[in-house]
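Below are the chains, spelled out letter by letter.
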Amino acid sequence: MKRYFYFILASILAFCGCEERIHLESQDGKKLILNAMLSTRDTLHRAFISFGTMDDILPAADGELECYVNGELAGTGSLEFSDGKPSGIPFVAGIRPGDKVRLVVTTSEGYKAEATALAPKSAEILSVKTDSVTTQLPGDKEVKDYIRFRATIRDIPGEDNWYRIHMMSDSRTILVALSDYSQFHPEDLGTAIRSHRGPVEVSNYFDPLLYKGLSLSKEEDLSELNYFANVLNIFDDKSIRDSEYESTLLFEANNLSHYNGILYLYPKTWSGGDRFIAKCSLMLRLASMDRKTFNYLNAIQFERSELSAPIVGQDPIPSNVKGGIGYVCILSETEYVIPFPDFEIK
């Protein structure tokens with residue numbers, strides 16, 4: 001095990017030494033930062049901009065974006081704000097595997113940055129089996145119930161591939177009946193009173209391809225502080241080349257509870273007698289990416305870990321933005337939907 005640890009450590013050091021690194025080279029010490037991770041499964045995307053100096057990251061006051069797909073203008077967007085703070089630039093564009101996407105961002109100060117990315121081929125999720133398991137994961141103080149997802153994936157044949165596997169949630173609370181004193185209106189019937197769609201936390205502890213079982217501490221650590229825990233669930237196909245593999249992920253069953261869960265959503269307010277149907281599902285996504293994007297995510301993971309400070313003094317973060325710094329990439333994602341039973345709230 002110790003020998004394997006030093007082999008991994010040497011690989012990290014080699015990676016940090018050869019990858020492109022972010023530098024601030026503009027004469028005024030200020031550059032436009034552009035970051036975006038696009039997905040072929042989504043049509044609504046969001047790019048994030050700010051300004052970088054030698055000492056700080058500064059918010060952008062404005063920004064306009066143009067998205068070109070295969071040379072044609074496909075979408076535009078403007079910088080949005082939430083509670084007075086920039087929250088990115090939303091834009092709508094359909095992206096398919098094989099598409100070439102170019103993002104161009106300009107600001108009223110005269111800054112302009114752009115980046116081009118190619119959507120790779122997409123892999124396959126052949127099936128997903130679900131069952132239950134009760135276990136105590138490292139770092140937990142008690143035994144918990146988990147839903148275990150065993151996803152059979154098929155590697156893209158005949159080439160080197162890099163992947164990420166993760167899960168999303170989709171939750172909606174539908175108004176189905178009104179009380180005499182309801183705060184809602186008849187036109188609200190059948191509509192989603194609350195909805196949420198976003199990533200959910202899963203554990204890769206039982207997947208040997210994702211979790212290597214290494215830690216710098218005496219005990220196993222599943223947090224992002226442990227680089228080897230691979231909380232982003234990225235992997236290459238060296239050990240599964242041109243074959244199928246069953247990946248295992250755990251989702252805490254208590255998170256499905258309608259009392260304190262993240263999937264079944266209660267209405268924020270409602271009158272006695274109103275009735276709702278809470279719907280939820282999890283979507284398992286397998287994302288294929290190019291090698292540079294894999295290195296980017298690996299660098300982010302490394303930078304967040306306890307390995308970063310003592311080993312590397314400069315961030316080994318790739319950049320592919322012209323006229324600025326940052327990284328724009330596309331994940332070609334395959335999605336498998338796992339529905340859960342509806343829950344009635346009354």
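Numbers given for residues are sequential positions, taken from 1 along each chain in its written order. Residues qualify for local features only when their pLDDT is at least 70, as the model is predicted, and side-chain atom pairs are given and counted only at 80 or more; totals for whole chains, interfaces and linings, by contrast, use all residues. Only hydrogens and water are removed before side-chain values are computed, so all heavy atoms of the structure are retained for them.

**Q** Lay out the overall build of the protein with the relevant residues and their values.
**A** Secondary structure assignment for the protein yields 3 helices and 18 strands. Looking at the protein as a whole, 49% of its 346 residues qualify as buried. To be clear on the numbers: accessible area is Shrake-Rupley with a 1.4 Å probe, and residue cover counts the displayed protein chains and nothing else. On the protein, roughly 17900 Å² of surface is accessible, and the fraction owed to carbon and sulfur atoms is 49%. A run of DSSP states H or I qualifies as a helix once it reaches four residues; a run of E qualifies as a strand once it reaches two. Both are numbered from the N-terminal end. Think of it in three bands: residues with accessible area under 20% of the maximum for their type are buried, residues over 50% are exposed, and the middle band is partly exposed, with areas taken using a 1.4 Å probe on protein chains only.

**Q** Give a description of unusual backbone geometry that names residues and reports values.
**A** Non-glycine residue N230 carries a positive phi angle of around 55°. One non-glycine residue, N233, adopts positive backbone phi at about 60°. Looking at the secondary structure, you find N233 in the loop between β14 (192-199) and β15 (234-236).

**Q** Could you give an account of the packing of aromatic side chains, naming the residues involved and the relevant values?
**A** Between rings of Phe, Tyr and Trp, where Trp is taken as its six-membered ring, a pair exists when centres lie within 6.5 Å; planes separated by under 30 degrees are stacked, by over 60 edge-to-face, and by other angles tilted. The tally for this structure, following the rule as stated, stands at 9 aromatic pairs. Their ring planes at 75° and their centres at 5.4 Å tell us that Y227 and F228 sit as a pair that is edge-to-face. The pair Y227 / F228 is uniform in exposure class, with both members buried. We call a charge positioned over a ring when the NZ of a Lys or the CZ of an Arg lies within 6 Å of the ring centre and within 35 degrees of the ring normal. Directly above the ring of F51 sits K30, whose terminal nitrogen or CZ lies 4.3 Å from the centroid. Cation over ring: R102 sits above Y68, and NZ or CZ is 4.6 Å from the ring centre.

**Q** Summarise the sheet that holds strand β16 (residues 244-252); cite the residues concerned and give the values.
**A** Here, a strand pair is defined by DSSP locating no fewer than two bridges between the strands. Judged by pairing direction, the sheet is antiparallel, and its 3 strands sit side by side in the order β11-β12-β16 without closing on themselves. The sheet is open, and its two borders are formed by β11 (124-135) and β16, each paired with just one other strand. The average undirected angle you get between the axes of adjacent strands in this sheet is 20°. By the bridge criterion, 11 bridges tie β11 to strand β12 (residues 144-154) in an arrangement that is antiparallel. Within the sheet, the bridge partner assigned to V133 lies in β12 and is Y146. Only the stretch in contact is used when a helix axis is fitted, and all axes are lines through C-alpha atoms; the angle between N-to-C directions ranges over 0 to 180 degrees.

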